[in-house]
Amino acid sequence: MNIEAAIAAERRELADLLDGLTAEQWAAPTLCAGWRVREVAAHMSMGFRYSLPKVAAELVRARGSIHRMADRCARRDAAAATTGELAGFLRDHAHHPWTPPVGGLASALGHDVVHGLDITVALGLGRRVPEDRVRLLLEKVTPRSARFFGADLSGVELRADDLDWSFGTGTPLTGAAQDLLLVAFGRKLPPGRLHGERQHRYAAG
């Protein structure tokens with residue numbers, strides 16, 4: 001699998017999807033607590049638009065908190081840009097070489113895929129991420145990565161019902177592979193998407 005090509009395709013597809021949203025959808029909440037679609041879209045392109053010195057300056061302003069910095073920048077940029085510009089940031093930077101601080105290209109793909117799902121799952125759009133992208137990201141799930149994203153997978157076996165993949169041991173939690181990917185990234189999902197005795201642990205309140 002050519003990860004660079006997958007990243008570029010994911011960004012272009014998400015840009016096209018964003019271009020088709022209504023004003024109400026842009027203002028709707030996502031799986032990222034406290035962020036609307038606008039903030040998530042703005043955050044997704046932050047790595048393309050901010051130079052390293054600018055990131056460093058923003059981090060100082062946030063007193064060293066990456067989460068505080070990301071939240072402030074997403075809210076400010078979402079307010080300053082039009083919806084067309086927010087979608088365009090992804091499309092125009094489809095081949096940008098940005099990667100997160102750890103994880104390389106696979107993490108860059110994960111950033112795009114998971115935040116895209118934060119939007120589409122919350123809006124009930126039913127977008128299916130291509131299987132090869134989902135598989136690659138599922139192969140990167142580890143106990144350490146789950147802890148990093150705040151996912152409590154103790155006593156649970158994630159078991160995809162649409163492809164051959166499982167992770168962990170314990171009570172089975174089944175669902176679509178891309179939904180289980182969201183679980184591994186610490187997300188709470190709308191009710192009815194997961195099945196198993198522990199499903200309520202991963203359901204949005």
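Reading the values: rules and limits
- Residues numbered from 1 in each chain as written.
- Predicted model: local features only at pLDDT ≥ 70, side-chain atom pairs only at ≥ 80, totals over all residues.
- Heavy atoms only, no water.
- Core = buried A, V, L, I, M, F, W, Y, C linked by side-chain atoms within 4.5 Å.
- Buried < 20%, exposed > 50% of the residue type's maximum accessible area, 1.4 Å probe, protein only.
- Helix = DSSP H or I, 4+ residues; strand = E, 2+ residues; numbered from the N terminus.
- Contact = heavy atoms within 4.5 Å.
- Pairing = 2+ DSSP bridges.
- Salt bridge = Lys/Arg side-chain N within 4 Å of Asp/Glu carboxyl O.

> Teacher, can you tell me more about the nonpolar core here?
General note: in soluble globular proteins, nonpolar side chains tend to be found buried as a group. Counting residues in hydrophobic clusters, the biggest one holds 37 residues, and the most contacted among them are Leu109, Leu153, Leu158, Trp165, Leu173, Leu181 and Val183. Secondary structure elements with two or more residues in this core: α1 (3–19), α8 (104–123), α9 (131–138), β1 (156–160) and α11 (177–184). Considering each element in turn, this core owes the most residues, seven residues, to α8. If sequence neighbours within four positions are ignored, Leu181 has contacts with Val113, Val114, Leu137, Leu138 and Val141.

> Would you mind showing me how to read the sheet that holds strand β3 (residues 171–175) here?
Where strands meet in a sheet, backbone hydrogen bonds hold them as pairs that are either parallel or antiparallel. On the basis of which strands lie adjacent, the open sheet formed by three strands has the order β2-β1-β3 and mixed pairing. At either margin of the open sheet sits one strand with a lone partner, and together these are β2 (166–167) and β3. Note: β1 against β2, two bridges, orientation antiparallel. Note on β2: the bridge partner recorded for Arg159 is Ser166.

> What am I meant to see in the pattern of salt bridges here?
Side chains bearing opposite charge may pair, as long as their charged atoms lie close to each other. Following the criterion strictly, the structure yields 17 salt bridges and no others. The salt bridge involving Asp19 is made with Arg91; its shortest N-O contact spans 2.6 Å. Of this pair, Asp19 sits in helix α1 while Arg91 sits in helix α7 (residues 83–92), and the two are 72 residues apart along the sequence. A salt bridge links Arg75 to Asp71, with the shortest nitrogen-to-oxygen separation between them at 3.0 Å. Of this pair, Arg75 and Asp71 both sit in helix α6 (residues 66–80), four residues apart, roughly one helical turn. Overall, Arg75 belongs to the partly exposed group, its relative accessible area being 37%. Via salt bridges that share partners, Glu10, Glu13, Arg127 and Arg133 belong to a single interconnected network.

Function cannot be read off these values alone, since they describe shape.
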